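Secondary and tertiary structure notes
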Amino acid sequence: MSHDIRTPMNAIMGMTEIAQMNILNTDKVNDCLKKISISGQHLLGLINDVLDMSKIESGKMTLRNDSASLPEVLENVVSILQPMVKSREQSFSIRIRNLVHEDFYFDALRLRQCFINILSNATKFTPEKGSITVDVEEEYTGDPDYSKLIFTFTDTGIGIKEEFLNNIFDSFTREKDGRVDKTEGSGLGMAITKKIVDIMNGTIEVKSKVGMGTTFIVTLPLKIDKNKRLHIT
């Protein structure tokens, strides 16, 4: 959990330093304050996870079901990950395909948490100047009230050993590997991610080969907010 907390903390510290260096540039300071606020909200969510871990593992965790903007969630994810990606000179991109709707009913904080958990690991385990890509695709389900959203996270990192893949979503589990022993974290991030995806009636799968990178695929059925206009890309 410690490395999950350090991600938004690094963003807060980095944006604070940039704001101090540009104190007379109002637009720059406002942009930094916005990103600090986003990271602070995410950090608060992680702290709440620590406090509520027993509830999560006992299956009593509940999620909000409010109307939220998916593009806004993705923008927030970029803001939080940007300092880490930039420091490692990595390529980070989000590609959107067939996104017909922008607003759905879901827990924005928890979904953002899932994405950050996956992407912070991708960033840590991808070498400098490596690449991380998020593909977002909407599919018609046959039900006019719901869409299937497929999020594919791909990195060019060190990969995961085959024998560890079956345990990657277990609590307090980390791969015993000399390549990652110095990486901080207690191993709760992916367990929490799996729990959130399960509660949202979705699925998460992982594909990886040592030295060839890792791909996580999150599939979620989301209820469409029909009060918002359609957006076609």
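Up top you'll find the structure we're talking about.
Here is a short report on the structure shown in this document. (Residues numbered from 1 in each chain as written. Predicted model: local features only at pLDDT ≥ 70, side-chain atom pairs only at ≥ 80, totals over all residues. Heavy atoms only, no water.)

Secondary structure summary: the protein contains seven helices and seven strands in total. When the elements of the protein are put in sequence order from the N terminus, they spell out α-α-α-β-α-β-β-α-β-β-α-α-β-β. Taken over 233 residues, the protein has a buried fraction of 46%. Summing over all exposed atoms, the protein offers an accessible surface of approximately 12200 Å²; the carbon and sulfur share of this is 51%. (Helix = DSSP H or I, 4+ residues; strand = E, 2+ residues; numbered from the N terminus. Buried < 20%, exposed > 50% of the residue type's maximum accessible area, 1.4 Å probe, protein only. Areas by Shrake-Rupley, 256 points an atom, 1.4 Å probe, with all protein chains shown as cover.)

The next thing to look at is helix 5 (residues 108-124). Taking 1.5 Å of rise per residue, 17 residues should cover 24 Å, and helix 5 covers 24 Å from first to last C-alpha, within 8% of that figure. The buried count for helix 5 comes to 14 of 17 residues, which makes it a mostly enclosed element. With a side-chain oxygen lying 3.2 Å from the backbone nitrogen of L109, the N-terminal cap of helix 5 falls on D107. (Expected span 1.5 Å × (residues − 1). Polar contact = N/O pair within 3.5 Å; in protein donor to acceptor, adjacent residues only side chain to side chain.)

Another aspect to go through is the pattern of salt bridges. Under the criterion given, the structure shown has nine salt bridges. As a salt-bridge pair, E89 and K129 come within 3.8 Å of each other at their nearest N and O atoms. Taken together, the residues E89 in the loop between helix 4 (70-87) and strand 2 (91-97) and K129 in the loop between helix 5 and strand 4 (131-140) connect sequence positions 40 residues apart. As a salt-bridge pair, R97 and E137 come within 3.0 Å of each other at their nearest N and O atoms. (Salt bridge = Lys/Arg side-chain N within 4 Å of Asp/Glu carboxyl O.)

We now examine unusual backbone geometry. Positive phi values are uncommon outside glycine, yet E89 reaches one of about 55°. Backbone geometry at N98 places phi at a positive 55°, although glycine is not the residue there. Exposure remark for N98: the relative accessible area of 42% places this residue in the partly exposed category.

What follows is about the pairing of strand 5 (residues 146-155). Counting buried residues along strand 5, seven of its ten residues qualify, which places the element largely inside the surrounding structure. Where strand 4 and strand 5 come together, nine bridges link them in antiparallel fashion. The residue of strand 5 that forms the bridge with Y140 is S147. Alignment of strand 5 against strand 7 (residues 214-224), held across ten bridges, turns out to be antiparallel. Bridge assignment links F151 to a residue of strand 7, and that residue is V218. (Pairing = 2+ DSSP bridges.)

All quantities given are derived from atomic positions and should not be read as evidence of function.
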